[in-house]
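So the chains spell out like this:
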Amino acid sequence: MKGIVFTEFLSMVEAAHGLDMVDTIIDKSELPSGGAYTAVGTYPHTEIVSLVCNLSEEIDTEVPTLLKTFGYHLFHQLAKAYPDFVKETISPLDFLEQVETYIHVEVRKLYPDAELPSFECARPHSENQLYMTYHSVRHMEDVCEGLIRGSLGHFNATANIERKKADGESELFIITLT
Amino acid sequence: MSTEAEKWKKRFDREKSARHQAEKLLEEKSSQLFDANDQLQRRIQLKTSKLRREEKKFTALFHSSIDGIILFSEDGHIIDANPTICKLLKLSSSQLIGTRVENLYSQEFVEIAKEAIEEVKQVGHARFEANLKLVNSSTIPTEISASKFEVDDQTILQGIFRDITERNQIAQELESASEAAIKANEAKSLFLATMSHEIRTPLNGILGFTDILLQSEISEENKQHLQLIKKSGDILLSVINDILDFSRVESQQIELEMVDFRLTDCIEETLDIHAHAAAVKNVDLLYSIDEDVPLELHGDVGRIKQVLLNLVSNGLKFTSQGSLVLSASHPDPATIKLVVTDTGIGFSPEITGQLFQPFIQADASTTRKFGGTGLGLSICKQLIEVMGGSIEASSLPDKGATFTITFPCVPAQYSVPVTLISNDFNKLEGLKILVIDDHPINLEFMKVRLERWGCDVSSMLSSEKASELPAESLTSYDLILTDMLMPNLDGLMLAKAMQDKLDSSTPPMILATSSRQVSERKEALKLGFKGVIYKPIKEVELLKSINHAIELRPEPSSATKVSPQFKARNKHTYALIVEDNPINAKLAKILIERMGLIAHIAHNGEEALAALKAKDVYTVIFMDMQMPVMDGLTASSQIRQGAAGSSYTEIPIIAMTANALPEDQQRCLEAGMSHYLVKPINQVELTKILKGLKIVE
């Protein structure tokens with residue numbers, strides 16, 4: 001997993017719960033990296049899992065909720081760091097469709113080893129309803145939801161988000177604009 | 001419990017570590033970038049050098065082409081010009097670039113050039129010829145091929161200019177050469193015609209007067225000398241004829257003169273010419289025509305006769321005994337076949353192939369023994385082949401030779417005027433005729449012919465046996481036709497025997513003889529023959545003779561008075577001779593007056609017209625062809641049109657000419673001449689014509 005996930009997670013923890021909390025979860029997690037993350041680096045996925053679990057224990061919040069919050073926060077950070085990607089589109093559904101077709105394509109150019117989830121998009125019923133299917137071995141569907149909500153927020157849109165289990169190990173998100 | 005300092009130390013260490021990692025990754029990325037850049041540069045270099053090579057190739061092509069190349073844009077502005085076109089136009093490329101491509105052309109070609117460019121735009125290519133104009137106003141003819149191609153979304157048009165000045169020049173020279181060749185050929189033809197005339201005219205004099213001398217009172221020795229002169233002259237004439245013919249055939253100048261003609265007449269006339277020669281040699285001249293052969297044909301009768309004459313002449317030349325037979329058949333609807341068979345010395349089969357090649361005779365000794373130029377058969381072959389026919393020869397040494405010619409059977413377009421009228425045949429139906437001849441072939445031919453006419457024919461080989469036939473048998477015949485030359489009892493003797501036996505009941509008799517000796521004829525008539533016909537027997541003659549014989553009741557034979565050789569019908573029959581050459585005129589006068597006519601001479605057509613207009617006495621005109629002031633053809637046409645008076649419009653005009661070419665004959669006929677005598681004029685021909693015209697008997 002790319003370092004940016006770790007650095008953004010820890011900075012979110014720092015902002016919400018202070019540096020001590022950061023130290024705590026780092027110490028508790030027994031990380032091979034020692035908790036020293038740089039955004040452009042690559043670290044084992046298991047480390048983020050440990051960190052998230054330990055935080056969940058510490059602040060007594062369920063992991064899914066944490067991840068959704070993280071996803072939401074992550075979106076805004078990414079949007080700030082790479083404004084060109086969000087400038088391309090004006091509609092949230094268009095943007096979401098583009099994640100796979102454009103954003104991830106560009107990411108892979110720079111970071112060929114990046115493990116990115118893959119998405120399949122369709123609008124079978126209406127222009128305002130997007131069927132977005134999430135595949136990833138990491139199963140970070142909640143982070144995905146958070147990111148989706150983040151993007152909706154960025155475009156000042158409101159929508160209903162429905163989640164359904166799909167084939168394989170995929171998750172179908174049905175985003176209906178309201 | 002960590003102290004604050006320890007906590008911060010830990011945090012600091014983490015940050016440091018993160019920074020180091022970032023630095024390391026940065027270095028890696030830089031290195032990767034550097035490598036990528038390097039690779040890219042190399043790729044660019046490779047591509048660039050490849051492109052440069054391509055461009056060099058094109059540039060080399062462009063610059064080194066020996067044809068001019070101009071590149072221009074779709075809207076007609078020149079983009080580039082190669083050295084060749086610059087040299088051609090005497091302009092530098094910078095002077096050409098930017099100018100309009102139409103300006104290259106001479107005014108009259110601008111339109112064509114524009115059309116060509118349109119064609120290129122639509123079809124992709126075009127080819128045309130146009131003149132380029134130079135600054136100094138001179139022009140260069142060029143052949144231009146234009147094409148187009150795309151480069152980076154831009155359409156470029158290309159014109160390749162080839163200087164065709166030289167090519168045009170060569171074409172021009174070819175045309176001039178061709179014209180010159182045609183003119184040369186025409187000159188040759190003219191030369192031939194002139195030579196024909198120029199040579200024959202004096203020959204006419206030589207042979208004519210030799211003939212006259214021969215018939216005068218001279219010593220035997222002188223006679224022999226004269227005969228040698230005549231013989232030489234004849235040979236010379238035939239050599240000249242052969243050469244002229246060959247020359248004409250060689251230069252492919254044969255144009256067929258297609259006319260309607262009767263096959264019978266053609267064959268009979270051919271054989272007639274050789275009658276005397278054959279008689280002297282004691283060779284029978286015979287002909288037969290199969291029943292199914294159409295007699296009225298359309299073809300070049302002059303040349304067919306020429307070929308037949310040659311074949312018969314050859315046959316006779318190489319035959320000293322026996323017979324020469326000319327037979328006509330109709331092997332298939334499209335072909336007429338004529339076969340000339342002789343019983344002469346023949347030739348060996350090996351040389352068959354060579355026979356028809358010019359200048360080759362059977363062997364060298366032939367020339368010495370038999371004379372001739374060796375041109376005859378090759379001329380025959382060419383003539384026949386021009387007609388679309390074929391000629392073949394076959395023989396075995398000492399077993400005679402057979403020459404076969406075939407030519408296309410084309411029926412006559414109009415009915416050929418026939419001298420025979422149907423009436424003539426009526427009386428022959430069922431006529432009982434006894435034919436006597438010691439030669440089986442002759443006998444057979446005669447029998448066949450008469451039976452075809454509906455006669456009831458009996459034949460006998462022996463005159464002796466015939467004379468021994470019982471009287472009742474003999475008198476049952478309506479007509480007896482007998483040969484002259486037979487062993488023991490010749491024709492005359494037979495007649496006498498018949499008369500003695502049967503007296504006034506003797507059936508009418510006709511004598512067939514090869515000899516044209518007048519004394520024999522007189523003798524025959526004295527003995528009671530109703531007619532004498534000459535071999536080779538002509539149908540017309542035979543028919544007339546038979547009709548004449550059966551009409552007459554037996555007359556007491558009266559000795560005919562000995563009178564000059566020929567008797568003119570009227571006491572004063574006038575002939576007008578129109579001839580500019582005094583020698584020839586004199587010769588003609590002598591020959592004609594010998595026949596009992598009175599001849600006047602005019603020296604050209606104009607004088608002739610004047611003479612005719614002045615006196616209404618002339619019965620016949622002998623017209624030379626080439627004369628000053630007014631030539632023979634013109635004079636004849638004028639006479640026919642009435643220029644000499646209405647009484648002369650139908651007067652017989654006999655052409656006398658040194659030009660023996662068939663087209664000349666045609667021209668004479670068209671001008672209104674009725675007959676044709678070739679110089680040197682000979683007595684026999686003259687007599688024939690005058691007799692035919694009933695001017696003499």
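Residues numbered from 1 in each chain as written. Chains lettered and ligands numbered in written order. Predicted model: local features only at pLDDT ≥ 70, side-chain atom pairs only at ≥ 80, totals over all residues. Heavy atoms only, no water.

What follows covers the overall build of chain A. Along chain A, the regular secondary structure elements total six helices and four strands. Burial status across chain A gives 46% buried among its 178 residues. For chain A, the share of sequence-separated contacts (at least 6 apart) that also reach a separation of at least 24 residues comes to 56%. When the accessible surface of chain A is totalled, it reaches about 9000 Å², and 53% of it is carbon and sulfur. (Helix = DSSP H or I, 4+ residues; strand = E, 2+ residues; numbered from the N terminus. Buried < 20%, exposed > 50% of the residue type's maximum accessible area, 1.4 Å probe, protein only. Contact = heavy atoms within 4.5 Å. Areas by Shrake-Rupley, 256 points an atom, 1.4 Å probe, with all protein chains shown as cover.)

Residues and elements named next belong to chain B. Put simply, helix H7 (residues 263–281) and helix H8 (residues 301–317) touch, their axes get as near as 9 Å, and they point 20° apart. Classified by the angle their axes make, H7 and H8 are roughly parallel. In the packing of H7 onto H8, the handedness of the crossing is right-handed. Contacts from Cys 266, Glu 269, Thr 270, Leu 271, Ile 273, His 274, Ala 277, Ala 278 and Lys 281 in H7 reach Val 301, Ile 304, Lys 305, Leu 308, Leu 309, Val 312, Ser 313, Leu 316 and Lys 317 in H8. A class-by-class count of the residues in the contact of H7 with H8 yields 11 nonpolar, three polar and four charged. (Axes fitted to C-alpha atoms, helices over the stretch in contact; angles between N-to-C directions. Parallel < 35°, antiparallel > 145°, perpendicular 65-115°, else oblique. Left-handed = near helix turned anticlockwise from the far one by under 90°. Nonpolar A, V, L, I, M, F, W, Y, C, P; charged D, E, K, R; others polar.)

Below, the discussion takes up the packing of helix H2 (residues 45–59) of chain A against helix H3 (residues 63–81) of chain A. All names here are of chain A. Direction vectors running N to C along H2 and H3 enclose 110°, while the axes themselves pass 9 Å from each other. By the angle between their axes, H2 is roughly perpendicular relative to H3. With respect to the hand of their crossing, H2 and H3 are arranged in right-handed fashion. Between H2 and H3, the contacting residues are Val 52, Leu 55, Ser 56 and Ile 59 on the first element and Val 63, Leu 66 and Leu 67 on the second.

Here the focus is the interface of chain A and chain B. Counting residues at the interface gives 16 residues for chain A, matched by 11 residues for chain B. When the two sides are added together, the surface that chain A and chain B hide from each other amounts to roughly 990 Å², 49% of it contributed by carbon and sulfur. Residue A:Asp23 pairs with B:Arg14 through a salt bridge whose shortest N-O separation is 2.9 Å. Between the two partners, chain A and chain B, sit eight residue pairs in polar contact (both at pLDDT 80 or more). Per element, the largest residue contribution to the side of chain A that touches chain B is six residues, and it comes from helix H1 (residues 3–29) of chain A. Looking at the side of chain A that touches chain B, its residues break down into nine nonpolar, four polar and three charged. (Buried area = accessible area lost by both parts, 1.4 Å probe. Salt bridge = Lys/Arg side-chain N within 4 Å of Asp/Glu carboxyl O. Polar contact = N/O pair within 3.5 Å; in protein donor to acceptor, adjacent residues only side chain to side chain.)

The next point concerns the environment of B:Leu686. Residue and element names in this part refer to chain B. Looking at where Leu 686 falls in the secondary structure, it is placed in helix H22 (residues 683–692). Residue classification places Leu 686 among the buried residues on the basis of a relative accessible area of 1%. Discounting residues that sit within four places of it in the chain, Leu 686 has contacts with Leu 591, Ile 592, Met 595, Phe 622 and Leu 677.

The next subject is the pairing of strand E11 (residues 390–395) of chain B. Residues and elements named next belong to chain B. Here E11 shows a buried face lined by Ile 391, Ala 393 and Ser 395 and an unburied face lined by Ser 390, Glu 392 and Ser 394. Bridge analysis of E11 against strand E12 (residues 401–408) gives six bridges, and the strand direction is antiparallel. Bridge pairing in E12 links Ser 394 to Thr 402. Counting the residues between successive antiparallel strands, the hairpin from E11 to E12 contains five residues, one of them, Asp 398, with a positive phi of roughly 65°. (Pairing = 2+ DSSP bridges.)

The next thing to look at is the pairing of strand E4 (residues 171–177) of chain A. All names here are of chain A. Along E4, five of the seven residues are buried, which leaves the element largely enclosed by surrounding structure. As defined by bridge partners, strand E2 (residues 129–135) adjoins E4 across six bridges and the pair is classed as antiparallel. Directly across from Gln 129, in E4, lies its bridge partner Thr 176. Connecting strand E3 (residues 159–165) to the next strand, E4, in antiparallel fashion are five residues, including Gly 168 with a positive phi near 65°.

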